[in-house]
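# Observations on the three-dimensional arrangement
Residues per chain, in single letters:
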Amino acid sequence: MDYDHKTISLKWQKKWEKEHSFKVTEDNSKKKYYCLEMFPYPSGKLHMGHVRNYAIGDAVARYKTMRGFNVLHPFGWDSFGLPAENAAIKHGVHPAEWTYKNIDTMRGQIKALGFAYDWDREVTTCRPEYYRWEQLFFIKMYEKGLAYKKKSSVNWCETCNTVLANEQVQDGKCWRCSKNIITKEIEQWFLRISDYAQELLDGLDTLTGWPERVRTMQKNWIGRSEGVEVDFTIKNSDKKLRIYTTRPDTIYGVTFMSIAPEHPMLSSLCKGTAQEKEVIAFVDRMRRTSKIERTAEGGLKEGVFTGSYAINPLNNQEVPIYTANFVLMDYGTGAVMAVPAHDTRDFDFAKKYKIPVKRVIFKDPANEELNSAYTELGTMVNSAEFDGLNSDVAMLKIAEHIEKKGFGKRTVNYRLKDWGISRQRYWGCPIPIIYCSKCGVVTVPEKELPVVLPEDAKLSAIGDDPLSKVESFVNTKCPKCGGSAKRETETMDTFVESSWYYARYTCPDDDKNGIDKKRADYWLPVDQYIGGIEHACMHLLYARFFHKVLRDMGYLSSNEPATNLLTQGMVIKDGSKMSKSLGNVVDPDYIIEKYGADTARMFMLFASPPEKDLDWNDKGVEGCHRFISRVWRLIDNNLDIIKHPYKMDLQEISSESKKLRNLTHKTIKKVTEDLDAFGFNTSISFMMELVNELYKLDINTLSKESDKAVFKETFNALVLMLCPFAPHTACELWELMGNNTDAAKEAWPAFDTEAVKDDKKLVVIQVNGKLRGKIEVPVGTSEENVKDMAFNEESVKKHLEGKEVKKVIYVEGKLLSIAVSGN
């Protein structure tokens, strides 16, 4: 029978769908395993990056199922967002129509690959039955003070006409459209992720199943620092400028102050001075410059003198106050004491604007020349009573002095800032807030949820604000007083939807609370999460925050969303990541049509370790197809032997059959161990080696029943091991072999511990402590025989000639040490 991948795939996909083969429920008699790949944005069609991600997850899910776990493997769609809205505007269709059409297309492609998803749990985040719960969570967060609105300087994309969180700005550009970002001051909604900064930091130590690189990225992004807040009095004023520093040991070396262009005191500092116009122009220019660009390492450092001075409380020296581009309002206090002698950025700024440099730390007091900032530890000088101390000791002493004198206090700061979730676009989850002229800000009553996104909004141009123009949506009644009121017209950042979807999968039918705690606690945390490392400081950080909030609200019991994380590499072709713009995209549909779903899946797993980039190779695809075809022919040509119910007597099998059986069980052992460690490529290699050996044997010459039983055992094991990689083919072969069960539901083959033991062992031979040879000896060989074999080994004999053997030590199975006279 010829291998017809199209017929086989279609047959098994229909069977799995009809029988809901991968549907699961909670079962306390089994150990659970929740396997999840990051859900896709329905952009139109699958690309090979998708296929790789899902092939990895599916191999894990199928393997764990065969190992006896109760496996949850769900799928859904991250379906709100700017691309749908922009595409809808461009093509003149509603975002919902565009999105659902894409979902249908991509769902068809996913099913054509035969992934083992529980489709009864499918979620689509743009549906009201999903986002109503998101709105409820927002209201509860608002009630707890975790959601709030304030005027803030934000990252603004003029192309997308919306706010971006810091995590969504990459190298000064929008993560969606790659256009430059500017700074804009507007009112927007925030989630108080900073309240969880320390817990998010501490939790990284528990995530030992996450890549170290991801944990380091999050640690740096959270950015905990310990320092001191100090108040500098403004000259000729009772106002004080509060700064934050992590280097109190350098405070006597302050020669100027730097404040953010957005600092609320800036206008009063420059008012009426000769510098006022210049400061105003500088501030206006900074508003059109992104924060990322302003603070970029190696970027231009510039500023303007405000016309005012501050007084250093420790030495009463007056220092000029500058506004500088590199100081941000959302870190520390928005004001920085500048010590050019001991900070590289301050040094460059001081040289540029001819500001004095005062050194307070020396490594070698005899060498006072300073051509660059000295940032290391050293001996304190020019620092009053702290002179002569080591600077690390002085940090503590000066901090204590500042607190004792009432100049300031020690504090902890975090780089992590609250998450701005307001988006000035249509295609997103409406924020459930009402504005009443009498009652102020009012949340939508729970019984009125969801606040449904109106379908009649007119999308006329990219950057338009459609919701504010839908009067039937905007105009409403105040839930408190019944008077006329207005709805919030901003929508939530789409990362909110993806911050809790994994929990919704555990109970997608729950219509009481959004999350059924009992079911969620059974399945969570996710045992294996799979996705790209580009989400390290966005989705993965947001999801950890949201998980802890939901825990504190009583929805969940676990502390983290996922125990283990695998970040898969990209798919590369012609030296670059596959991209439509580069013209190097390979269409999954073409590969499925020509070679079959199993070939597409296997190549993605075979071509590279999952965490590494995968170089696309047409010959590699053909090679995987040939391997699957070889397995098919091998089994199809030997069905007469395979179908027969032979009995195996290990005492009767031939040496050739014993050799095959040992290889089979060693292969099972290696594949099992490698699959446990996500070694998909090596697992496939081991199976290829087994198939190569089978092709070398003449099965038709077998006469003993036990020998035939060995071959049948090998074929059974091979097909079952193939199941996580090529499930359609494996299931069809399993059926052809006379089995009336689904191979995907069969138990994973176990290896015989006796069969995997080596028949021979390697003995290393040393002469006077130097390696002189190696010999293989049968297991159980006596010490005397080992010695005889060693002494007759050619590479050893020449080192023994003419010499007296003084001593021989045999460490069984490892080493034979021979001591002889002379060298």
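Report on the accompanying structure. (Residues numbered from 1 in each chain as written. Predicted model: local features only at pLDDT ≥ 70, side-chain atom pairs only at ≥ 80, totals over all residues. Heavy atoms only, no water.)

### Some thoughts on the overall build of the chain
Tallying secondary structure elements over the chain gives 26 helices and 34 strands in all. Considered along the principal axes of its C-alpha atoms, the chain spans approximately 105 × 85 × 50 Å. The buried share among the 823 residues of the chain stands at 55%. Sequence-distant contacts in the chain: of pairs separated by 6 or more residues, those separated by 24 or more amount to 72%. Put simply, the chain shows about 36,800 Å² of open surface, and 47% of that area lies on carbon and sulfur atoms. (Helix = DSSP H or I, 4+ residues; strand = E, 2+ residues; numbered from the N terminus. Buried < 20%, exposed > 50% of the residue type's maximum accessible area, 1.4 Å probe, protein only. Contact = heavy atoms within 4.5 Å. Areas by Shrake-Rupley, 256 points an atom, 1.4 Å probe, with all protein chains shown as cover.)

### Comments concerning the pattern of salt bridges
If you walk through the whole model with that rule in mind, you get 45 salt bridges. Ionic pairing is found between Asp-58 and Arg-601, a salt bridge with its closest N-O pair at 2.4 Å. With Asp-58 in helix 2 (residues 48-66) and Arg-601 in helix 18 (residues 597-606), this residue pair connects regions lying 543 residues apart in the sequence. Judged by relative accessible area, which is 0%, Asp-58 ranks as buried. Of the charged contacts, one joins Asp-118 and Arg-121 as a salt bridge, the two residues approaching to 3.0 Å between their closest N and O atoms. Each member of the pair, Asp-118 as well as Arg-121, carries the same accessibility label: buried. (Salt bridge = Lys/Arg side-chain N within 4 Å of Asp/Glu carboxyl O.)

### Some remarks on the sheet that holds strand 21 (residues 433-436)
Taken in spatial order, the four strands line up as 22-21-24-23 in an open sheet, and their pairing is antiparallel. Unpaired on one side and paired on the other, strand 22 (440-443) and strand 23 (475-477) mark the two borders of the sheet. For this sheet, the mean angle separating the axes of adjacent strands, direction not counted, is 40°. In terms of strand pairing, strand 23 meets strand 24 (residues 484-487) through three bridges, oriented antiparallel. The partner of Thr-476 across the bridge, within strand 24, is Ala-485. (Pairing = 2+ DSSP bridges. Axes fitted to C-alpha atoms, helices over the stretch in contact; angles between N-to-C directions.)

### A closer look at empty space enclosed by the protein
All told, the structure shown has one cavity of 30 Å³ or more when counted by the stated rule. If you add up the space inside the largest cavity, you get close to 160 Å³. What lines the largest cavity is a set of 17 residues, and nearest its centre among them are Gly-81, Leu-82, Arg-423, Asp-493 and Thr-494. Broken down by element, the lining of the largest cavity gets its largest block of residues, three residues, from strand 6 (residues 162-164). Taken together, the residues of the lining of the largest cavity sort by class into six nonpolar, six polar and five charged. (1 Å grid on protein atoms, 1.4 Å probe; cavity = no way out; pocket = protein on both sides within 12 Å on 5 of 7 lines; lining within 4 Å. Points joined across faces, edges and corners; volume = space filled by probe spheres on them. Nonpolar A, V, L, I, M, F, W, Y, C, P; charged D, E, K, R; others polar.)

### Re the nonpolar core
If you look at the biggest cluster of nonpolar residues, it comprises 96 residues, and the most contacted ones within it are Met-48, Met-602, Trp-616, Phe-627, Ile-635, Phe-680 and Phe-715. Contact partners of Met-602, with chain neighbours within four places excluded, come to Cys-624, Phe-627, Ile-628, Ile-684, Leu-722, Phe-725 and Ala-726. Counting residues in each nonpolar core, the second largest holds 95 residues, with Tyr-130, Ala-197, Ile-421 and Leu-467 among its members. (Core = buried A, V, L, I, M, F, W, Y, C linked by side-chain atoms within 4.5 Å.)

### What about the environment of Met-538?
Along the polypeptide, Met-538 turns up in the loop between strand 26 (528-531) and helix 16 (539-552). The buried category is assigned to Met-538, whose relative accessible area is 3%. Expressed as a C-alpha distance, the spacing of Met-538 and Gln-168, which sit 370 residues apart in the sequence, is 7.2 Å.

### Things to note about the state of the cysteines
Following the criterion strictly, the structure yields zero disulfides and no others. In this structure Cys-35 is a free cysteine whose sulfur lies 15 Å from that of Cys-723, the closest cysteine sulfur available. Cys-429 supplies the cysteine sulfur nearest to Cys-507, a cysteine that is in no disulfide, at a spacing of 17 Å. Residue classification places Cys-507 among the buried positions, given a relative accessible area of 0%. (Disulfide = S-S within 2.5 Å.)

What is shown is where atoms sit, not what they do.
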